[in-house]
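Coordinate inspection notes
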Amino acid sequence: MDFLTIIRYAWMAYDSTRPIKRITDISAMVSTNHVYKIRLEDGNNIIAKLSYFGKYEHFVEDHTIINALSNNLPVRYENFLSRSLMKGNQLFFHRFQNDIIDAWVVFFRPIKIKKSLPRRLEDKDIALLGKEFAEFHKSCSLIRHTLPITSKNMTTDVNQLLQVVDEEFPQYADDIKQQCDLFLNNTYKINVHGFEKIPVFVDWNIGNFSVSANGKFYSRWDYDWFRMSSRIVDFYFI
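Reading guide: rules and limits
Residues numbered from 1 in each chain as written. Predicted model: local features only at pLDDT ≥ 70, side-chain atom pairs only at ≥ 80, totals over all residues. Heavy atoms only, no water. Helix = DSSP H or I, 4+ residues; strand = E, 2+ residues; numbered from the N terminus. Rg over C-alpha atoms; globule rule 2.2 N^0.38 Å. Buried < 20%, exposed > 50% of the residue type's maximum accessible area, 1.4 Å probe, protein only. Contact = heavy atoms within 4.5 Å. Areas by Shrake-Rupley, 256 points an atom, 1.4 Å probe, with all protein chains shown as cover. Lys, Arg positive; Asp, Glu negative; His and termini not counted. Charge placed at Lys NZ, Arg CZ, Asp CG, Glu CD. Pairing = 2+ DSSP bridges. Salt bridge = Lys/Arg side-chain N within 4 Å of Asp/Glu carboxyl O. Phe/Tyr/Trp six-rings, centres within 6.5 Å; stacked < 30°, edge-to-face > 60°. Core = buried A, V, L, I, M, F, W, Y, C linked by side-chain atoms within 4.5 Å. Axes fitted to C-alpha atoms, helices over the stretch in contact; angles between N-to-C directions.

Moving on, we get to the overall build of the protein. Helices and strands together make up the secondary structure of the protein, namely 5 helices and 11 strands. Taking 238 residues into account, the globule formula puts the C-alpha radius of gyration at 18 Å, and the protein, at 19 Å, falls close to it. Its C-alpha atoms give the protein principal-axis dimensions of roughly 55 × 50 × 35 Å. Relative to its full complement of 238 residues, the protein shows a buried share of 39%. In the protein, the proportion of contacts linking residues at least 24 apart, taken out of those at least 6 apart, comes to 65%. About 14,100 Å² of surface is accessible on the protein, with carbon and sulfur atoms providing 53% of the total. Across the protein, 30 positive and 28 negative side-chain charges occur, with their mean positions spaced 9 Å apart.

Quick look at the structure:
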């Protein structure tokens, strides 16, 4: 599939008056999403994300929430999340469909990056990281009522998995169904829907965020696993 052509179509739909000089693939090659650095003839850079995983409507919903979050967080996190580009008064999304693929593109402003965490943390680093997550979760909690409504949660994720498990994972279907039933029954028992819902990014791989020299959160990118859910979900990857 010629993804570069899709990116060019998307940029033409966004602003055909600013020609592209070159496109560089900067994808991490660990997911179905593709990330590109666009160098424009005017000397500016733009980041493009192309995805064909899941549903277009969910892609739009997630990035709309994240963009609102990036604007509404306290000033400490003013530049923490990369903002999506807008056209007029709406976020810009481009959908490309043919007989082979249904793909969609969103553009981001480039984000500054500082230090990555070491591959193995010392006790003092773990304590600082825990404090940073607590501060970030607290800030997300403060502004949670200002964000767009989400249609997804972990229960809907599991139910969608159950709908396709027989077709996509026939050799493991029984085991997966058993685990899904355990999950749904246990979340009902603890009333998970009563938990406070905040934005969580789940995948805190050290290649997805950077920290300042004093270990504080500086920038975060890669929003593939974003959900409005309990802060407990972030501990999955932490």
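Within strand β3 (residues 45-51), 6 of the 7 residues are buried, leaving the element largely enclosed by the surrounding structure. Strand direction decides the pairing type here: strand β2 (residues 34-40) and β3, joined by 6 bridges, are antiparallel. Residue pairing in the sheet places I38 in a bridge with I46 of β3.

This part covers the side chain of S141. For S141, the position within the fold is in helix α3 (residues 123-142). A relative accessible area of 15% places S141 in the buried class. Once residues lying within four places of it in the same chain are set aside, the contact partners of S141 are E196 and I198.

A few words now on the pattern of salt bridges. Enumeration according to the criterion identifies 11 salt bridges in this entry. Ionic pairing is found between K49 and D224, a salt bridge with its closest N-O pair at 3.0 Å. On the criterion of sequence distance, the pair formed by K49 in strand β3 and D224 in the loop between β10 (217-220) and β11 (227-229) is long-range, its members being 175 residues apart. Taking the relative accessible area as the measure of exposure, K49 reaches 7% and is therefore buried. Between K177 and D166 there is a salt bridge whose closest N-O contact spans 2.9 Å. Here D166 lies in helix α4 (residues 154-168) and K177 lies in helix α5 (residues 173-189), a separation of 11 residues in the sequence.

Let us look at the packing of aromatic side chains. Inspection of the entire model under this criterion finds 26 aromatic pairs. Pairing Y9 with F96 gives two aromatic rings, centres 6.1 Å apart and planes at 15°, and the pair type is stacked. With Y9 in helix α1 (residues 3-15) and F96 in strand β6 (residues 93-97), this residue pair connects regions lying 87 residues apart in the sequence. For F96, a relative accessible area of 17% translates into the label buried. Ring plane angle 55° and centroid distance 5.9 Å describe the contact between Y14 and F107, whose orientation is recorded as tilted.

Most often, soluble globular proteins keep nonpolar side chains buried together rather than apart. If you look at the biggest cluster of nonpolar residues, it comprises 35 residues, and the most contacted ones within it are L69, L73, L81, F136, F201, W204 and F217. Breaking this core down by element, the ones donating at least two residues are α2 (56-72), β7 (102-108), α3, β8 (198-200) and β9 (209-211). The element that contributes the greatest number of residues to this core is α2, accounting for 6 residues. Leaving out residues up to four positions away in the same chain, W204 has contacts with F80, F133, F136, F209, F217, R220, D234, F237 and I238.

Moving on to the sheet that holds β3. One open sheet holds the 5 strands; their spatial order is β1-β2-β3-β7-β6, and the pairing between them is antiparallel. Single-partner strands in this sheet number two, and they are β1 (20-25) and β6. If you compare each strand with its neighbour and ignore which way they point, the axes differ by 25° on average. Relative to β7, β3 runs antiparallel, the two being bridged by 5 bridges. By the bridge assignment for β7, L50 is matched with V105. Where α1 meets the sheet, its contacts fall on β1, β2, β3, β6 and β7, and the angle it forms with β7 comes to roughly 55°. Along the sheet face, α2 touches β3, β6 and β7 and points at about 165° away from the line of β6.

Remember that the coordinates give geometry; whether it matters functionally is a separate question.
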